[in-house]
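Observations on chain architecture
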Amino acid sequence: MIDVKNLSKSFGDHLVLDNISEHIYPGEKVVVIGPSGSGKSTFLRCLNLLEIPSKGTITFEGTNITNPRTDIDKVRQQMGMVFQHFNLFPNMTIRKNITLAPVRTKLMSQAEADDTATALLKRVGLEEKADAYPAQLSGGQKQRIAIVRALAMKPKVMLFDEPTSALDPEMVGEVLEVMKQLAEEGMTMVVVTHEMGFAREVGSRVLFMDGGHILEQNEPHAFFANPREPRTIEFLSKVL
Amino acid sequence: MIQGLIEWFDRLLPRFYTAFIEEDRWKLYLQGLENTLIMTVAALVIGVLLGLVVAVVRTSHDQQRPGRRNPVLGLINAVCGIYTTVIRGTPMMVQILIWSFVILSSSRNKVMVGIIGLGINSGAYVAEIIRGGLMSVDAGQSEAGRSLGLNYLDTMRFIVVPQAFKNILPSLGNEFITLFKDTSLVNAIGAMELTYYAARIGGRNFDYMPPLIGAALMYLAIVIIFTWLQGKLERRLRQSDRR
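Residues numbered from 1 in each chain as written. Chains lettered and ligands numbered in written order. Predicted model: local features only at pLDDT ≥ 70, side-chain atom pairs only at ≥ 80, totals over all residues. Heavy atoms only, no water.

1. Section: the overall build of chain B
Spelled out, the test is: The secondary structure listing takes helices from DSSP runs of H or I that are at least 4 residues long and strands from runs of E that are at least 2 residues long, numbered from the N terminus. Radius of gyration: C-alpha atoms only; globule rule: 2.2 Å multiplied by the number of residues to the exponent 0.38. We call a residue buried when its accessible area falls under 20% of the maximum for its residue type, exposed when it is over 50%, and partly exposed in between, using a 1.4 Å probe and counting protein chains only. Here a residue-residue contact requires only that any non-hydrogen atoms of the pair lie within 4.5 Å. Throughout, the Shrake-Rupley method with a 1.4 Å probe supplies accessible areas, and for residues the shown protein chains are the sole cover considered.
Within chain B, the secondary structure is distributed over nine helices and zero strands. Along its sequence from the N terminus, chain B presents helices and strands in the succession α-α-α-α-α-α-α-α-α. Against the compact-globule benchmark of 18 Å for 243 residues, chain B has a radius of gyration of 23 Å, which places it well outside the compact range. Going through the 243 residues of chain B one by one, you find that 42% of them count as buried. Across chain B, contacts joining residues at least 24 apart in sequence account for 74% of those joining residues at least 6 apart. Accessible surface, chain B: about 13,400 Å² in total, of which carbon and sulfur atoms supply 67%.

Set out below in structure tokens:
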């Protein structure tokens, strides 16, 4: 579904991703873990070209998205993204946050988008917040709305960039619950996270990144039970 | 010493009478004030329009995807860069003299020349105000918009610009105040605004103090009123943040 070939990214002299090749298959739930500064967020942000790769190609469903002539807006309409800091639009109501993109990209009429928003909000238990503004919501509620906002575009894959890292501990659960539901419905997901429990329970594959490389990857139970690389063992001994 | 002071105060009223009441001279000040306000508003309109164009060109040029740079936009951006550098790097007085005696030397309508000079000057500053306002919006906001598949213009129009507006408005108010006071410079090219009349009346009566102090008080009064309005507006805008 997403094919990454020889991907490198540097900021100035600093090489953040070093020649990464990876493939993400439909229906997979890929969980990316690793120490901070390992390049995992940059890797994720390259997948929808929020970061422009310095070298290498990324292909999404047969379209080479690293080609400057590709209409990246069309590609992004099929890839949802959820950010660490939610990035809801504070100048709009929740309903407008959700319906803006489907309507402006002509995916839906305003009426259809409103119905979709209501249905999605009901699903995450926030239908009474439709006319509220983001400033009135808690962090956990904001992040659930952010997920719903991405889902309203009916994406084929969802990218999560540390979705629970900015949340109070007691709100982490409600967001992970929504993500778990989404996984059960068969959504293809790439999740950068520090939630090892989530990685173990929901992931179908775990990637461990360090120093701009994917050092090790495995099916989650084997990954956590028998890490092979010394760096992985060291990392896991600190976080588990 | 005390005697001199008393005599000075004694003569004050007749001096102000000559400067303002005699021969209905107060009408001239009002006429000048009217021209001053017309020039301020017209120059601000030019400045905002020009500033908006320059700011949009410069930000959109900076935010292009590498490998997909538009050469025409690059050229326009270079022109905008030269414009802001030249305007912000030379004195307003010199610019006004150049407009009046070099570029538009055949024009008799000095108020119009003043408007053009002030407006084009103001545009360079407004451009920086708007650019600063656009950059003050968290980068995550436009990333969120773009990640949903919205194009650059829609992201700007619905997400970035409405949020930038709140940061731009107070600075734009300050620009209005600056521009309002700077209109007094065009008296040097003979545009008939408030300072022009004050100086003329002072010259005619061989008594500069009353008309100039009077003009200064008029400027001050308008600035105070405007600052007060601006404060009210800012408080209202902040309120909507807390909703």
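2. What to know about the overall build of chain A
Worth spelling out the cut-off: Counted charges follow a simple rule, with Lys and Arg positive, Asp and Glu negative, and His plus the chain ends left uncounted. The location of each charge is read from NZ of Lys, CZ of Arg, CG of Asp or CD of Glu.
Within chain A, the secondary structure is distributed over nine helices and ten strands. Since a compact globule built from 240 residues should have a radius of gyration of about 18 Å, the 18 Å found for chain A is in line with a globular shape. For chain A, the spread of C-alpha atoms along the principal axes amounts to about 55 × 45 × 30 Å. A burial count over chain A gives 54% of its 240 residues as buried. Sequence-distant contacts in chain A: of pairs separated by 6 or more residues, those separated by 24 or more amount to 65%. Carbon and sulfur atoms make up 48% of the accessible area of chain A, which totals about 9,900 Å². Positive and negative charge centroids in chain A, built from 27 and 30 side chains respectively, lie 5 Å apart.

3. Describing a nonpolar patch on the surface
All names here are of chain B. Short version of the rule: A patch consists of residues exposed above 30% relative accessible area that lack any salt bridge, with like charges linked at up to 9 Å and nonpolar side chains (Val, Leu, Ile, Met, Phe, Trp, Tyr) linked at up to 5 Å. The salt bridge definition used is simple: a Lys or Arg side-chain nitrogen within 4 Å of an Asp or Glu carboxyl oxygen.
A cluster of nonpolar side chains, contributed by Met93, Val94, Leu97, Ile98, Phe101, Val102 and Ile103, occupies part of the molecular surface with about 600 Å² of accessible area. For Val102, the position within the fold is in helix 4 (residues 92–103). The exposure class of Val102 is exposed, given its relative accessible area of 57%.

4. A few points about the side chain of Asn87 of chain A
Along the chain, Asn87 of chain A falls in the loop between strand 6 (79–82) and helix 3 (94–104). Those residues within four positions of Asn87 of chain A in sequence are excluded, and the remaining contacts are Arg149 of chain A together with Asp138, Gly140, Gln141 and Ala144 of chain B.

5. Observations regarding the packing of aromatic side chains
Rule in force here: Aromatic rings from Phe, Tyr and Trp, with only the six-membered ring used for Trp, were paired whenever their centres fell within 6.5 Å, and each pair was classed as stacked if the ring planes differed by under 30 degrees, edge-to-face if by over 60, and tilted otherwise. Distance and angle both matter: a charge sits over a ring if NZ of Lys or CZ of Arg is within 6 Å of the ring centre and within 35 degrees of the ring normal.
Going through the model one piece at a time under the given rule, you end up with eight aromatic pairs over all chains. Judged by centre distance (5.9 Å) and plane angle (5 degrees), the ring pair of Phe16 of chain B and Phe20 of chain B falls under stacked. Pair noted here: Phe16 of chain B and Phe20 of chain B are both in helix 1 (residues 2–21), with a separation of four residues, about one helical turn. Members of the aromatic cluster, connected to one another through ring pairs, are Phe16, Phe20 and Tyr29 of chain B. Its end group placed over the ring of Phe224 of chain A, Arg200 of chain A keeps NZ or CZ at 4.9 Å from the ring centre.

6. Here's the deal with the nonpolar core
Residues and elements named next belong to chain A. To keep things clear, this is the line we draw: Working definition of a nonpolar core: buried Ala, Val, Leu, Ile, Met, Phe, Trp, Tyr and Cys residues. They are joined through side-chain atoms within 4.5 Å.
Core analysis: the biggest nonpolar cluster contains 39 residues, and Ile2, Leu7, Phe43, Leu47 and Phe60 have the highest contact counts within it. Look past the residues within four positions of Leu47 in its chain and what remains in contact with it is Ile2, Val4, Ile24, Ile58, Ile65, Met79, Leu159 and Val190. In terms of nonpolar packing, the next biggest core, distinct from the first, is built from 36 residues, Ile94, Ala130, Leu137 and Met171 among them.

7. A short note on helix 8 (residues 194–204) of chain B
Residues and elements named next belong to chain B. Defined as follows: Whenever two N or O atoms come within 3.5 Å, that pair is a polar contact, provided that in protein one can donate a hydrogen and the other can accept it, and provided that, for residues adjacent in sequence, both atoms are side-chain atoms.
For helix 8, the complete set of buried residues consists of Leu194, Thr195, Tyr196, Tyr197, Ala198, Ile201 and Gly202. Near the N-terminus of helix 8, the side chain that reaches the backbone nitrogen of Thr195, with its oxygen 3.1 Å away, is that of Glu193. In the stretch just after helix 8, Phe206 is the one whose phi turns positive, near 50 degrees.

8. Thoughts on the packing of helix 2 (residues 26–62) of chain B against helix 7 (residues 152–182) of chain B
In a pair of packed helices, the angle between the axes and the distance between the axes together describe the arrangement. Residues and elements named next belong to chain B. Our working rule: Axes here mean lines fitted to C-alpha atoms, for a helix over just the part in contact, with angles spanning 0 to 180 degrees between N-to-C directions. Take the far helix as your reference; a near helix turned counterclockwise from it by less than a right angle gives a left-handed crossing, and one turned clockwise gives a right-handed crossing. Charged means Asp, Glu, Lys or Arg here, nonpolar means Ala, Val, Leu, Ile, Met, Phe, Trp, Tyr, Cys or Pro, and polar covers whatever is left, Gly included.
Put simply, helix 2 and helix 7 touch, their axes get as near as 11 Å, and they point 145 degrees apart. For helix 2 against helix 7, the interelement crossing comes out right-handed. Here Thr36, Leu37, Thr40, Val41, Ala43, Leu44, Val48, Thr59 and Ser60 of helix 2 lie close against helix 7, whose contacting residues are Tyr152, Leu172, Glu175, Phe176, Leu179 and Phe180. Split into classes, the residues belonging to the contact of helix 2 with helix 7 amount to ten nonpolar, four polar and one charged.

9. Description of the pattern of salt bridges
Considering all chains together, one arrives at 24 salt bridges over all chains under this definition. Between Glu28 of chain A and Arg205 of chain A there is a salt bridge whose closest N-O contact spans 2.7 Å. Within this pair, whereas Glu28 of chain A is found in the loop between strand 2 (14–24) and strand 3 (29–33), its partner Arg205 of chain A is found in strand 9 (residues 205–210), the two being separated by 177 residues in sequence. One salt bridge in this structure joins Arg146 of chain B and Asp73 of chain A, with 3.0 Å as the shortest N-O distance. Residue Arg146 of chain B is located in helix 6 (residues 139–147), and its partner Asp73 of chain A is located in helix 2 (residues 72–76); the two belong to separate chains.

10. Focus on the interface of chain B and chain A
Keep this limit in mind: What gets called buried area is simply the loss in accessible area from a 1.4 Å probe that two parts show on being joined, summed for both.
With 24 residues of chain B at the contact, the number on the chain A side is 32 residues. Of the roughly 2,300 Å² buried at the junction of chain B and chain A (both faces included), carbon and sulfur atoms supply 56%. For the pair chain B and chain A, the number of links is three salt bridges. Connecting chain B to chain A are seven residue pairs in polar contact (both at pLDDT 80 or more). Going through the elements one at a time, helix 6 and helix 7 of chain B are the ones with two or more residues in the side of chain B that touches chain A. Residue contributions to the side of chain B that touches chain A peak at seven residues, all from helix 6 of chain B. Residue composition of the side of chain B that touches chain A, grouped by class: seven nonpolar, eight polar and nine charged.

11. Concerning helix 6 of chain B
For an α-helix, 3.6 residues make a turn, and residues three or four places apart therefore share a direction. Buried within helix 6 of chain B we find Gly140, Gln141, Glu143, Ala144, Gly145 and Ser147 of chain B. Looking at the buried residues of helix 6 of chain B, the elements they touch are helix 1 (40–47), helix 2, strand 6 and helix 5 (139–151) of chain A together with helix 7 of chain B. Two residues or fewer past helix 6 of chain B, Gly149 of chain B is found with a positive phi of approximately 95 degrees.

12. Description of the sheet that holds strand 2 of chain A
Residue and element names in this part refer to chain A. Short version of the rule: DSSP bridges decide pairing: two strands pair if at least two such bridges lie between them.
Across the sheet, four strands lie side by side as 2-1-4-5; this open sheet has antiparallel pairing. Of all strands in the sheet, those bounded by a partner on one side alone are strand 2 and strand 5 (63–64). Direction of pairing for strand 1 (residues 2–11) relative to strand 4 (residues 55–60): antiparallel, over a ladder of five bridges. Bridged to Ser8 within strand 4 is Lys55. Most of the contacts of helix 1 go to strand 1, to which it runs at about 125 degrees, and overall it touches strand 1, strand 2 and strand 4.

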